[in-house]
Amino acid sequence: MRSPLPVAAQSPGQGIQGGGSGVGTTSVENVKDIRNTVGNVPLEWYDDFPHVGYDLDGRRIYKPLRTPDELDQFLDKMDNPDYWRTVQDRMTGHSVQLTDEQVALVRRLQRGQFGDVSFNPYEPAVDFFSGDLMIHPVTNRPADKRSFIPSLVEKEKVSRMVHAIKMGWIQPRRPRESTPSFYDLWAQEDPNAVLGRHKMHVPAPKLALPGHAESYNPPPEYLPSEEERMAWEQREPDERKHNFLPRRFPSLRAVPAYGRFIQERFERCLDLYLCPRQRKMRVNVDPEDLIPRLPRPRDLQPFPTCQALVYRGHSDLVRCLSVSPGGQWLASGGPRVGQPCHGGWAGGRVLRAHPLCPGSDDGSVRLWEVASARCVRTVPAGGVVKSVAWNPCPTVCLVAVAVEDAVLLLNPALGDRLVVGSTDQLLSAFTPPAEPAAQPAHWLEASEEERRGGLRLRICHGKPVTQVTWHGRGDYMAVVLATPGHTQVLIHQLSRRRSQSPFRRGRGQVQCVAFHPVRPFLLVASQRSVRLYHLLRQELTKKLTPNCKWVSSLAVHPAGDNVICGSYDSKLVWFDLDLSTKPYRVLRHHKKALRAVAFHPRYPLFASGSDDGSVIVCHGMVYNDLLQNPLLVPVKVLKGHTLTKDLGVLDVAFHPTQPWVFSAGADGTLCLFT
C-alpha cells in the first residue's frame, strides 16, 4: 500500500518546504526518495514503535520527533501561506507540500473530471456498423455445424426425464387452489372449537342493544329541539352522546337508508381486530385488609384532647409564639400599652405556670402566666411583631423579637432573679474590639429608658425581618430577611456580638430556617425545596424536594433524623433524612393552607395549624431500629379559633415538658389545649 502523494513524486530540483512551525516537515536536503516499502501491512502495527516503516535501502523511516498539536496547526495555518496545500503522508509521517500540478489534479477529480488533462471524452465516434448495404461483409465466417444438427447431450437429458416421469419419480405440479384472502375471525367460537378450547381466549364484545332513541317513532322526550340540534352539530364527534339525531317517521316503510351504515360497519370491524382484549385476573381481596391497621388513639396517650385556657387581650392577629425552656411564665403579642388584659378559662383544672412568647400585629409583646391567664407585663415593640423566639438555654432569660428591620433582645425580668441578673451580666461583660470589623448588621445598646422597659440590645439590619430562631445552645440565632440575594439569612453570635452571612449567593426566596438539634446543620426552606447545609464544612449536604407549590413552615425532630414541613397547598410532608430526599409520607388532613408545624421536644407528638381554624395533633413515633419506619397516626383535631379575614391558626408550639400545645390565631386569642 503506497501513499497517494509520495515524496519521490516531486522533482529533485524542486525540493520540499515545510510549513509553519516546521514540526514533521521534510527539509530541502532530504530530497531523496524515502518511499515506505512495508506494503499492505496496517500502519497501526507501528503505533508503539519509533519508526513507521523501511525505505528502499532497508533503513528505518523514523516518525517526527514531535507531532504537531492543535496549537501548532493553528499557528501554522496563520503564518504559512501554503498551509492549504500541505498534507501529511501517512506512510512516512512527514508533511508534503503539493505542487501546482497536483493541486490541479485534485481539483479536477473533485469536479468529477478525468485526471489526464489531454484526454477528450467527447471525441467523434466512428460508426463501424452503418445501415447502408455494402458489397463486402463485416465477417464471412461459415456457420458452425452445431447450429443445424440436433444436440446429443440434450437428447440424453430429455430421455432421462421421460424415464423418470414413467417411473413416477417426477410428479407434475398440481394446480393451486384459489383460497379467499379474508375469513371470519370468530366463525369458530363454539366451545368445541380450537379458539374455544384456548384458555386465554376472550370472545368479541357484543354490540349494545338499540334503545328508544333508535326507534323510527321515538317518544317525544327523545326528540331534540332546535337548540339541542344546533348544539349537537357544533360539538365534536367524540363529545356527542349519540352519533345520530333521533327522528320520527310515520311508518317503518318511510324510513330511508342509513347514510353512515358502511362507515359504522367498518369502524366495528376495526374495533374487533385492532382493540386488544385481555383477561384480567381478579384477586379476591378483603377490603378491610387494604386499610392499614393503626393503633387506637387511647393506646397512644398522652396527647392534648380539649381546650383548657384562652388568653384574650390582643387587638389584632397573633402571628407567632414561643415557649420558654424554664416553664414559669408566658408571653404573647398584645394591644397598645395601657389597655387592660383579660384572662379566660375554657375548662380544666389549675395548671402549673409555663412561659410562652407570641407576637402580634398590634405592636407589643405581652407576658402572661399560663395557669391564671393573667397578663403580667407589656413591652411595646414599636411595630408589627413578625417573630418571637425564647432563648432555649435555661440559664439565660432572653427573648428575641423581630420587629420591622430590627431584632430586639428583651430581658422580661421574670422568674428566678439570679437568672435575670446573670443574663444582664452576660450582656454587659462584652468588650468591643479595638478595630471593629465590617458586619451585615449593627448591634446597638439600649438607652436607659428602654432598659427600664426590658430592652437590652437592638440588632438593626436595614431590611425587614421575617423570622428569628435560636440555636439549641442559646449563643447563636438565625435571622431571615425579606430581601432577594445572598443576604437573606444571617447568623448572629450573642457572646461576641458578631454577625455573618453564611451564603455567597441566593437560591430562591427563603421562607424559614431552623438549626439542627444535634449536628452543626442549618436547614433553609425555600419555596420549592429544603436545603441542609453543613456549617463547619460550608457545603450543601442534602436537598429535600417536598413536591409542594409553596413551603410555609419547617420543624426538626428532637433526634434530628426527621423533618416535617407545611405548605400553602394543604400538605404536611414528613422527611426521613436517613431514608431518602423524597417525602416519606404526605398528610392531607387540612382543608386550607398550613401556617405552622411543630414537634414536641419529649413526647412523640407533632402538630400543624391551618387557615381552617383547626390544630391537628398526630402521633409520630421514631424508632431506634433503622429498619422500622416511623409510625404516623393522626389522633386529635382541636378547634378553638374563629376565622378572621380568611385566616385561622397562625402558629403552634408545644410545651417543653407537658403534652400540651399552644396555638395563636387571627382572632387575637391564644389557646392552650391539654
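Residues numbered from 1 in each chain as written. Predicted model: local features only at pLDDT ≥ 70, side-chain atom pairs only at ≥ 80, totals over all residues. Heavy atoms only, no water.

Enquirer: Honestly, the sheet that holds strand β25 (residues 551–556) in this entry has me stumped. Any pointers?
Expert: Strands pair in a sheet through their backbones, by hydrogen bonds, and they do so in one of two ways: parallel or antiparallel. With respect to topology, 4 strands assemble into an open sheet ordered β25-β26-β27-β28, the strand pairing being antiparallel. Taken across any chain shown, the strands that pair with only one partner, and hence form the sheet edges, are β25 and β28 (585–587). Each strand axis lies, on average, 20° off the axis of its neighbour in the sheet, ignoring direction. Judged from the 5 bridges that link them, strand β26 (residues 562–567) and strand β27 (residues 572–576) form a sheet pairing that is antiparallel. Following the sheet pairing, C565 is matched in β27 by V573. (Pairing = 2+ DSSP bridges. Helix = DSSP H or I, 4+ residues; strand = E, 2+ residues; numbered from the N terminus. Axes fitted to C-alpha atoms, helices over the stretch in contact; angles between N-to-C directions.)

Enquirer: I keep staring at helix α3 (residues 152–167) and nothing clicks. Help me out?
Expert: Given 3.6 residues per helical turn, the α-helix brings residues three or four places apart onto the same face. Here α3 spans 23 Å end to end across 16 residues, near enough to the 22 Å set by a 1.5 Å rise per residue. Among the 16 residues that make up α3, 1 are buried, leaving the element largely open to the surroundings. (Expected span 1.5 Å × (residues − 1). Buried < 20%, exposed > 50% of the residue type's maximum accessible area, 1.4 Å probe, protein only.)

Enquirer: What exactly am I supposed to notice about empty space enclosed by the protein here?
Expert: One water molecule sets the probe size; rolling that probe over the atoms shows where empty space is left. Inspection of every chain in the model, using the stated rule, returns 4 cavities of 30 Å³ or more. In this structure, the largest cavity is lined by 13 residues; those nearest its centre are F503, G506, R507, V510 and V524. Of the residues belonging to the lining of the largest cavity, the class tally is 5 nonpolar, 5 polar and 3 charged. (1 Å grid on protein atoms, 1.4 Å probe; cavity = no way out; pocket = protein on both sides within 12 Å on 5 of 7 lines; lining within 4 Å. Points joined across faces, edges and corners; volume = space filled by probe spheres on them. Nonpolar A, V, L, I, M, F, W, Y, C, P; charged D, E, K, R; others polar.)

Enquirer: Explain the nonpolar core to me, please; I cannot follow it from the model alone.
Expert: A general tendency of soluble globular proteins is for nonpolar side chains to be buried together. If you look at the biggest cluster of nonpolar residues, it comprises 21 residues, and the most contacted ones within it are V407, L409, V468, W470, M477 and L494. Those elements that provide at least two residues to this core are β13 (399–403), β14 (406–410), β16 (455–460), β17 (465–470) and β18 (476–481). In this view, L494 contacts L398, L409, L427, W443, L457, W470, G474 and D475; residues no more than four positions away in its chain are not counted. Ranked by size, the runner-up nonpolar core spans 18 residues in total, among them V615, V617, V649 and F673. (Core = buried A, V, L, I, M, F, W, Y, C linked by side-chain atoms within 4.5 Å. Contact = heavy atoms within 4.5 Å.)

Enquirer: Quick question: what am I supposed to make of the layout of surface pockets here?
Expert: Of the voids in this model, the second largest pocket is the one considered here, and its volume is about 1,000 Å³. Residue lining of the second largest pocket: 26 residues in total, with E214, N243, F244, Y258 and E264 positioned closest to the centre. Across the lining of the second largest pocket, the residue classes tally to 15 nonpolar, 2 polar and 9 charged.

Enquirer: Could you clarify how one ought to interpret the UniProt feature "repeat: WD" (unreviewed entry) in the chain in this entry?
Expert: Feature annotation in UniProt places "repeat: WD" (unreviewed entry) on residues 359–378 and 587–617, given in this structure's numbering. Between the first and last C-alpha atoms of residues 587–617 the distance is 12 Å; the span itself is 0% helix and 55% strand. (UniProt positions renumbered as here; feature names shortened; annotations may be inferred.)

Enquirer: Just checking my understanding: could you explain the packing of aromatic side chains for this structure?
Expert: The geometry of an aromatic ring pair is captured by the separation of the ring centres together with the interplanar angle, meaning the angle of the planes. The full count for this structure, using the stated rule, is 7 aromatic pairs. Ring centres of Y46 and F49 lie 6.4 Å apart, and the angle between their planes is 65°; on these two criteria the pair is classed as edge-to-face. Cluster of aromatic residues (ring-pair linked, three or more members): W574, F599 and F606. When the ring centre of W232 is taken as reference, the NZ or CZ atom of R240 above it lies at 4.0 Å. (Phe/Tyr/Trp six-rings, centres within 6.5 Å; stacked < 30°, edge-to-face > 60°. Lys NZ or Arg CZ within 6 Å of the ring centre and 35° of its normal.)

Enquirer: For this particular structure, what's the right way to read a negative patch on the surface?
Expert: Together, E226, E227, E228 and E233 give the surface a local cluster of negative charge. Residue placement: E227 occurs in helix α5 (residues 226–234). (Patch = residues over 30% accessible without salt bridge, like charges linked within 9 Å, V, L, I, M, F, W, Y side chains within 5 Å. Areas by Shrake-Rupley, 256 points an atom, 1.4 Å probe, with all protein chains shown as cover. Salt bridge = Lys/Arg side-chain N within 4 Å of Asp/Glu carboxyl O. Lys, Arg positive; Asp, Glu negative; His and termini not counted. Charge placed at Lys NZ, Arg CZ, Asp CG, Glu CD.)

Enquirer: Help me out: how do you make sense of a nonpolar patch on the surface in this one?
Expert: A cluster of nonpolar side chains, namely M161, I165, M167, W169 and I170, defines an oily patch on the protein surface of about 570 Å² accessible area. Of note, I165 is situated in helix α3. Under the relative-accessibility criterion, I165 is labelled exposed at 53%.

Enquirer: Just checking my understanding: could you explain the confidence of the model for the chain for this structure?
Expert: Should the pLDDT be low somewhere, the predicted coordinates at that spot are not to be read in detail. Mean pLDDT over the chain stands at 82; residues scoring 70 or higher make up 87%. Low confidence marks residues 1–31, where pLDDT is under 50. Its contacts with residues over four positions away, or in another chain, come to 52 contacts. Within the model, the stretch residues 334–359 combines pLDDT values under 50 with 112 contacts to residues more than four positions away or in other chains. (pLDDT = per-residue confidence, 0-100.)

Enquirer: Even after reading the chapter, I still don't get the environment of N80, so can you show me in this structure?
Expert: With respect to the helices and strands, N80 occurs in the loop between α1 (70–79) and β3 (86–88). A polar atom in the side chain of N80 sits 3.1 Å from the backbone nitrogen of D82. (Polar contact = N/O pair within 3.5 Å; in protein donor to acceptor, adjacent residues only side chain to side chain.)

Enquirer: Got a minute to help me understand unusual backbone geometry in this structure?
Expert: A negative phi angle characterises most non-glycine residues, just as the trans form characterises most peptide bonds. Here the bond from Q301 into P302 is cis, since omega is 10°, no more than 30 degrees from zero. In this fold, P302 is placed in the loop between α7 (287–290) and β5 (307–312). We note that E404 has phi near 55°; this positive angle belongs to a residue other than glycine. For E404, a relative accessible area of 47% gives the class partly exposed. Here S570, not a glycine, exhibits a phi torsion of approximately 65°, which is positive. Judged by its relative accessible area of 13%, S570 falls in the buried class.

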